[in-house]
Amino acid sequence: MRRAGLELPVAPLDYRAAAAFWGISDPSLAARVFAIVGGTPAYRREYVQDDSPEGPGDFDDWVVRAVLNPARPLFREARYLLAEDPDLRDTAVYHSVLAAVAEGNGTRGGIAGFIGRKATDLQHPLTVLEDAGLLVREPDPLRSGRSRYRIAEPLITFYQTVMRPAWTALEQRRGTDVWRRSERRYTSGVLGPAFEEIVRQWAVRFAAPDTLGGIAAEASSGVLTDPASRTSLELDLVALGEPPPGDGPRPLLAVGEVKWGRTLGVPDLDRLARARDLLVARPGLDARSAQLLLASGAGFTDDLRQVAQRRPDVVLVDPARLYTGD
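Because the structure is a prediction, the values reported are computed rather than measured.

Draft legend 1. Structural detail: the packing of helix α6 (residues 91-102) against helix α8 (residues 123-131). Interhelical geometry of α6 versus α8 gives an angle of 80° and a closest axis separation of 10 Å. The pairing of α6 with α8 is recorded here as roughly perpendicular in orientation. Residues V93, Y94, V97 and L98 of α6 pack against H124, P125, L126, V128 and L129 of α8. Its residues assigned to classes, the contact of α6 with α8 shows eight nonpolar, one polar and no charged.

This is the structure:
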């Protein structure tokens, strides 16, 4: 019996490489497609028979004919990803966990509440889904011992959010009707989180050192408590620099607000500035030079653009910059 002497995992394409591979030059369209198929190269050829959206106006029709079409291999791929893994025996539990995460419940307690189980009962299914590469656990950089889960494969998020609730109708080839009534769920549950992840990838892979005041070693979301108002500030981007030698504080390069479908304005900037003020006083982090990053697929108010022109600590990021700029 021969044993394998080399394990060569193939990582998915990043969002820029995926756009080039799919032949998509429009940044907003590229983001919408990436939110569904991610960076898996096989989906471009074998699973949709080389069918790529011809332009922004073709996106809705492409979703119906290429993704929600029972005649295309991509239609059942998300189900196969679960069914083919030998470690996923009780698929109902794993589907429930993935559905909970797709609905925005990223903490263990949130997942448990969504599916009606005790948090202690989720250790095994969460570990199995992590080992299978379907879930990623990301520590919260601002809260020690806390973490959030996200689905690693965009197609599974799309399946859980859009396809699974309407599976019977889709099998009856009513994809057009399903998509028409699911677009809001797609935007909030699929595209919004995917856009946040794209921005975090941009911060680590493509943002110039001058943009963030250094090279980002990691980027994630985080939750910060404001003791004055006793409220939590959810930050879509927390970009950290490389750990310094010794015991010095780690540089916090940027905090960010990321929204696909909402125009961002000065109140959003003020919220980030408040978060930075709180973090400046936190030991273990050097947040004094942290940039205030606002990313939007819908644009920015004129007031915010004027402020950004005057302040070097404000960074505005739109889809065009994500795909072509630094």
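Here the narrative resumes.
Draft legend 2. Expanded view of the side chain of Q160. Positionally, Q160 belongs in helix α9 (residues 154-163). The contact partners of Q160, leaving out residues within four places of it in the chain, are H95, L98, A99, A102, P165 and R185.

Draft legend 3. A look at helix α2 (residues 27-37). Most of α2 sits inside the fold, with nine of its 11 residues counted as buried. Within the sequence span of α2, burial applies to P27, L29, A30, A31, V33, F34, A35, I36 and V37. Of the surrounding elements, those touching the buried residues of α2 are α1 (15-22), α3 (42-47), α4 (59-67), α9, α11 (175-205) and α15 (319-324). Where α2 starts, the residue carrying a side-chain oxygen 3.2 Å from the main-chain nitrogen of S28 turns out to be D26. Remark: G38 follows α2 within two positions and exhibits a positive phi of approximately 60°.

Draft legend 4. Expanded view of the packing of aromatic side chains. Enumeration according to the criterion identifies 13 aromatic pairs in this entry. With 5.0 Å between their ring centres and 85° between their planes, Y15 and Y323 make a pair best called edge-to-face. One end of the pair, Y15, is in helix α1; the other, Y323, is in helix α15, and 308 residues separate them in sequence. Its relative accessible area of 0% is what places Y15 among the buried residues. Taking relative accessible area as the criterion, Y323 reaches 13% and is therefore assigned buried. Centroid distance W22 to W62: 5.8 Å. Interplanar angle 90°. Geometry classified as edge-to-face. Remark: W62 occurs in helix α4 and W22 occurs in helix α1; sequence separation between them is 40 residues. Considered together, W22 and W62 belong to a single accessibility category, that of buried residues. Here a set of aromatic residues connected by ring pairs shows up, and it is made of W22, F59, W62, F158, W179 and Y186.

Analysis parameters
Residues numbered from 1 in each chain as written. Predicted model: local features only at pLDDT ≥ 70, side-chain atom pairs only at ≥ 80, totals over all residues. Heavy atoms only, no water. Axes fitted to C-alpha atoms, helices over the stretch in contact; angles between N-to-C directions. Helix = DSSP H or I, 4+ residues; strand = E, 2+ residues; numbered from the N terminus. Parallel < 35°, antiparallel > 145°, perpendicular 65-115°, else oblique. Contact = heavy atoms within 4.5 Å. Nonpolar A, V, L, I, M, F, W, Y, C, P; charged D, E, K, R; others polar. Buried < 20%, exposed > 50% of the residue type's maximum accessible area, 1.4 Å probe, protein only. Polar contact = N/O pair within 3.5 Å; in protein donor to acceptor, adjacent residues only side chain to side chain. Phe/Tyr/Trp six-rings, centres within 6.5 Å; stacked < 30°, edge-to-face > 60°.

Function cannot be inferred from these measures alone, as they are strictly geometric.
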